[in-house]
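Spelled out, the chains give:
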Amino acid sequence: MKPTLNELKTRVQAALAAAFGDEYRDRDPLLVSTNNPKFGDYQANVAMSLAKPLKSKPRAIAQKITENLSVEDFCEAPSIAGPGFINFKLKTDYLERLLNAAYESDRLNIPKADPIQKVIVEYPSPNIAKEMHVGHLRPAIIGECFARVMEFLGHDLLKVNHIGDWGTPFGMLITYLREAYPDPTEAAAASTSGDLATFYRQAKKRFDEDEAFKARARQSVVQLQAGDPEILEAWERVCQLSKRSYRKIYNLLNISQDIVDRGESFYNPYLPDVITDLDKAGLLVEDDGAQCVFLEGFSNKDGEALPMIVQKSNGGYNYATTDLAALRYRITQDQVDRIVYTTDAGQSNHFSQVFQVARRAGWVPETVALDHAPFGLVLGEDGKRLKSRSGEAVPLKDLLDEAIARTKKDIEERLKTEERTESEGFIQNVAEKVGIGAVKYADLSQNRVSDYTFSYDRMLDLKGNTAPYMLYAYVRVRGISRSGDVDLSNLKADVKLTEESELTLAKHLLQMDVVIDEVATDLLPNRLCQYLFELSQKYNQFYDRCPVLKAEEPARTSRLVLCDLTARSLKLGLSLLGIEVLERM
Ligand code: ARG
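Throughout what follows, the structure given in this document is the object of discussion. Here the structure is a predicted model, which means the values were calculated and not measured.

**Thoughts on helix α10 (residues 229-253)**
Across its 25 residues, α10 extends 36 Å between first and last C-alpha, which sits within 8% of the 36 Å expected from 1.5 Å per residue. All of the buried residues along α10 are I231, A234, W235, V238, C239, L241, S242, Y246, I249, Y250 and L253. Sitting at the amino-terminal end of α10 is D228, which places a side-chain oxygen 3.0 Å from the backbone nitrogen of E230. Phi turns positive one or two residues past the end of α10, at N254, with a value near 60°.

**Some thoughts on the pairing of strand β12 (residues 369-375)**
Of all seven residues in β12, five are buried; the element is thus mostly enclosed. The handedness of the strand β11 (residues 338-344) to β12 crossover, carried by helix α13 (residues 348-360), is right-handed.

**Overview of the site of the ligand**
Residues in close proximity to the ligand include E122, S125, N127, H162, G164, Y319, D323, Y341, T343, Q347 and F351, which together make up its full environment. Q347 places a polar side-chain atom, nitrogen or oxygen, 2.8 Å from an oxygen atom of the ligand. Surface burial for the ligand is 88%, taken as the share of its 350 Å² of free accessible area covered by protein chains. Sorting the residues of the shell around the ligand by element identifies α12 (319-332) and β11 as the ones contributing at least two each. Among the residues making up the shell around the ligand, the classes are represented as three nonpolar, six polar and two charged.

**Details of the pattern of salt bridges**
Here the structure, examined in full by the defined rule, presents 38 salt bridges. Among the salt bridges present, the one from R262 reaches D334, with a minimum N-O distance of 2.9 Å. Placement of the pair is R262 in the loop between β7 (260-261) and α11 (271-280) and D334 in the loop between α12 and β11, with a sequence separation of 72 residues. Linked through salt bridges whose partners overlap, the residues forming this network are R414, E418, R420, E422 and R584.

**Side note on the sheet that holds strand β6 (residues 156-161)**
Within the open sheet, the five strands sit side by side as β7-β6-β5-β11-β12. Their pairing is parallel. On the outer flanks of this sheet lie β7 and β12, each paired with one strand and no other. Looking at chain direction, β11 and β12 are connected through seven bridges and run parallel. Bridging across to β12, V340 finds its partner in D371. In this fold α12 packs onto β5 (118-122), β6, β11 and β12, with an angle of close to 150° to the strand it touches most, β11.

**Some details on the state of the cysteines**
Evaluation of the coordinates by the stated rule reveals zero disulfides. You can see C546 has no disulfide; the closest cysteine sulfur is in C563, sitting 9.7 Å from it. By relative accessible area, C563 is classed as buried at 0%.

**Looking at α12**
Structural remark: α-helix, 3.6 residues per turn; residues separated by three or four positions point the same way. With 14 residues, α12 should reach 20 Å at 1.5 Å per residue; the first-to-last C-alpha distance of 20 Å fits that figure. Across the 14 residues of α12, eleven count as buried, placing the element largely inside the fold. Looking only at α12, the buried set comprises A320, T321, T322, D323, L324, A325, A326, L327, Y329, R330 and I331.

**Brief notes about the environment of N127**
Position of N127 relative to the elements: it lies in the loop between β5 and α5 (137-152). Along the primary structure N127 and H162 are separated by 35 residues, whereas in three dimensions their C-alpha atoms are 8.7 Å apart.

**A short note on the packing of helix α18 (residues 500-509) against helix α20 (residues 525-545)**
Two elements in contact, α18 and α20, have axes whose closest approach is 9 Å; the angle formed by their N-to-C orientations is 155°. Taken together, the axis directions place α18 and α20 in an arrangement best described as roughly antiparallel. Like other packed secondary-structure pairs, α18 and α20 cross with a definite hand, here left-handed. In this structure, α18 uses S501, E502, T504, L505, H508 and L509 to contact α20, whose residues at the interface are Y531, E534, L535, K538, Y539, Q541, F542 and R545. Counted by class, the contact of α18 with α20 contains six nonpolar, four polar and four charged residues.

**Here's the deal with the packing of aromatic side chains**
In this structure the tally under the stated criterion is 18 aromatic pairs. Aromatic pair F170 and W235: ring centres 6.3 Å apart, planes at 55°, arrangement tilted. With F170 in helix α6 (residues 168-180) and W235 in helix α10, the pair connects residues that are 65 residues apart, well separated along the chain. Like W235, F170 is buried. The rings of F266, Y267, Y270 and Y329 are connected pair by pair, giving a single aromatic cluster. Between R107 and the ring centre of F152, over which it is positioned, the NZ or CZ distance is 4.1 Å. Over the ring of W363 we find R328, and its NZ or CZ is 4.1 Å from the ring centre.

**Some points on unusual backbone geometry**
The amide bond that connects D114 to the next residue, P115, takes the cis arrangement and shows omega of 5°. With respect to the helices, strands and loops of the structure, P115 is situated in the loop between α4 (92-104) and β5. At N254, a residue that is not glycine, the phi angle is positive and equals roughly 60°. By the element assignment, N254 lies in the loop between α10 and β7.

**Here we look at the sheet that holds strand β2 (residues 42-44)**
A sheet is described by the order of its strands in space; here four strands give the open sequence β1-β2-β4-β3, paired in antiparallel fashion. Either end of the sheet is taken by a strand with one partner, and the two such strands are β1 (31-33) and β3 (79-81). Geometrically, the sheet is characterised by an average inter-axis angle of 30° between neighbouring strands, direction not taken into account. Two elements, β1 and β2, share three bridges in a ladder whose sense is antiparallel. Residue pairing across strands places S33 opposite Y42, the latter belonging to β2.

**Things to note about the side chain of H508**
Structurally, the position occupied by H508 is in helix α18. On the accessibility criterion, H508 (4% relative accessible area) is buried. Ignoring any residue separated from it by four or fewer positions in sequence, one finds H508 in contact with Y531, E534, L535 and K538.

**Re the pairing of strand β4 (residues 85-88)**
In this sheet, β4 lies alongside β2 in antiparallel orientation, the contact comprising three bridges. Bridged to Q43 within β4 is N87. Judged from the three bridges that link them, β3 and β4 form a sheet pairing that is antiparallel. For I80, the partnering residue across the bridge sits in β4 and is I86. What sits between β3 and β4 in their antiparallel hairpin is a turn of three residues, with G82 showing a positive phi close to 50°.

**Things to note about the nonpolar core**
Ranked by internal contacts, the top residues of the largest apolar core, which has 162 residues, are F88, L137, F454 and L577. A per-element tally of this core places helix α15 (residues 424-444) first, with eleven residues. Here F88 is in contact with L8, V12, L31, F39, G40, D41, Y42, A44, L69, C75 and P78, once residues within four sequence places are set aside.

Rules of the game
- Residues numbered from 1 in each chain as written.
- Predicted model: local features only at pLDDT ≥ 70, side-chain atom pairs only at ≥ 80, totals over all residues.
- Heavy atoms only, no water.
- Helix = DSSP H or I, 4+ residues; strand = E, 2+ residues; numbered from the N terminus.
- Expected span 1.5 Å × (residues − 1).
- Buried < 20%, exposed > 50% of the residue type's maximum accessible area, 1.4 Å probe, protein only.
- Polar contact = N/O pair within 3.5 Å; in protein donor to acceptor, adjacent residues only side chain to side chain.
- Right-handed = clockwise from strand over helix to strand, strands pointing away.
- Near = heavy atom within 4 Å.
- Areas by Shrake-Rupley, 256 points an atom, 1.4 Å probe, with all protein chains shown as cover.
- Nonpolar A, V, L, I, M, F, W, Y, C, P; charged D, E, K, R; others polar.
- Salt bridge = Lys/Arg side-chain N within 4 Å of Asp/Glu carboxyl O.
- Pairing = 2+ DSSP bridges.
- Contact = heavy atoms within 4.5 Å.
- Axes fitted to C-alpha atoms, helices over the stretch in contact; angles between N-to-C directions.
- Disulfide = S-S within 2.5 Å.
- Parallel < 35°, antiparallel > 145°, perpendicular 65-115°, else oblique.
- Left-handed = near helix turned anticlockwise from the far one by under 90°.
- Phe/Tyr/Trp six-rings, centres within 6.5 Å; stacked < 30°, edge-to-face > 60°.
- Lys NZ or Arg CZ within 6 Å of the ring centre and 35° of its normal.
- Core = buried A, V, L, I, M, F, W, Y, C linked by side-chain atoms within 4.5 Å.

Remember, this is a structural readout, not a statement about activity or role.
As structure tokens, this is what we get:
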């Protein structure tokens, strides 16, 4: 059977068609799951929305729908409440059957997406030459979650790293290196093994202070883009150097290994076509020597339409030009159905402009979905953008090392109070998993679009909606199998739900498919965090009220199955967030 919500939708639509004619079959039944057991499990609000078109009272409409509704194979008889809500309560034996099936399935019976799509998730897309700083934390963490969710749903996924490797920062760096190391061999040596962060800082300083330097830097970008061999070679070396440094961070963050590096440079050969084809589409306007497209819905303070510059008067191309080329490449060559861009909210206008121009040029088929998933800033505890003591963006490496170090201290203290000894290797491993998990969870559990405050104390707190809490919850649930010496993977699943807390837990367990689906659609990982947090709370209530190991059969096995499903749901959910569970902590 399809996920309950879908099935219910189909049934209500069938009833709508039977009651009011076929043209009502595609109507959205406005189904929501209710968290109030008094009203049942789901509620359809469609009757209210039909009052106008049917010129009738919602309650009468609801009455007519229920008369035509056939759901007795999995629901109790639906009831009508208030102005015309239709309430559904799932039958207990139906829930039991679903739980048995979930137990037997290696993916908790969560169906794959239908249809399967070709999806590009674009992340983390740092800029080469700069050291990865806290600003790169969010795209890496959030993008990885999107990628894992899409992959789990069976989509044909391409993870693309749209590295900033073709613009001004480069020009700056190359110009700086040439100036600091006039001897080409020395320059080559420096750009092969040097410290990028330091070079970058010095180059930036020169760039900001010296107009002539700035002009030379800009010129070398144009030369680079025109394929000057000497500049290209220097560029290549710097690329290698920075790719090596950010690989280390990806590994620390446990980010997918199969992200394809396709930086801005990749699209260089396609840039001239963008201009030509925009011209053919009649969108190109020359303004002050630059090639532009005038935007709809973006105007300056005098109400004049703003231009998107696609080619500067010196012949150079822009960030936007590259994005237009990338978009076309992905549609024509990769044949995507959907592209998800993960960047800071500061780029929201950029993306809506790029999407607009591509659509107006006729490059985006209607079936292709373009999603920009913007995220807010990482703030320090002072409420300002997170900075190091010296006022610069905090290097990502330091930030993560600190999370691990603090976690390690917490663990050592805990071990002392528990009078436990563990090997150094064990402690280090737990500290890494929990520390990195904490950073990720703190990020993902916030609404993506808002800024969030980075606080070690909060993210490492054992008593909140945090990774350590969730990871402990998992260890505790799994602990049952050790203390009762039972193999949770090998039970004869025949669930019987008798207690209220069992029912509550069971229903929550069975909602995971909907939640994962929502994350894929709405791109909001915090829904999954919230789901997992509530799951562990519902499990705790169940465990408080229902004996498990001490229960008589068949309740004992039935409850062990609920424990196993809880553990596996936590493990799956956390892994979709990019967090690995531990069997012992
Ligand atoms: N490199 C960019 C930055 O650090 C992010 C790239 C976003 N993706 C894109 N297709 N423009 O801001």
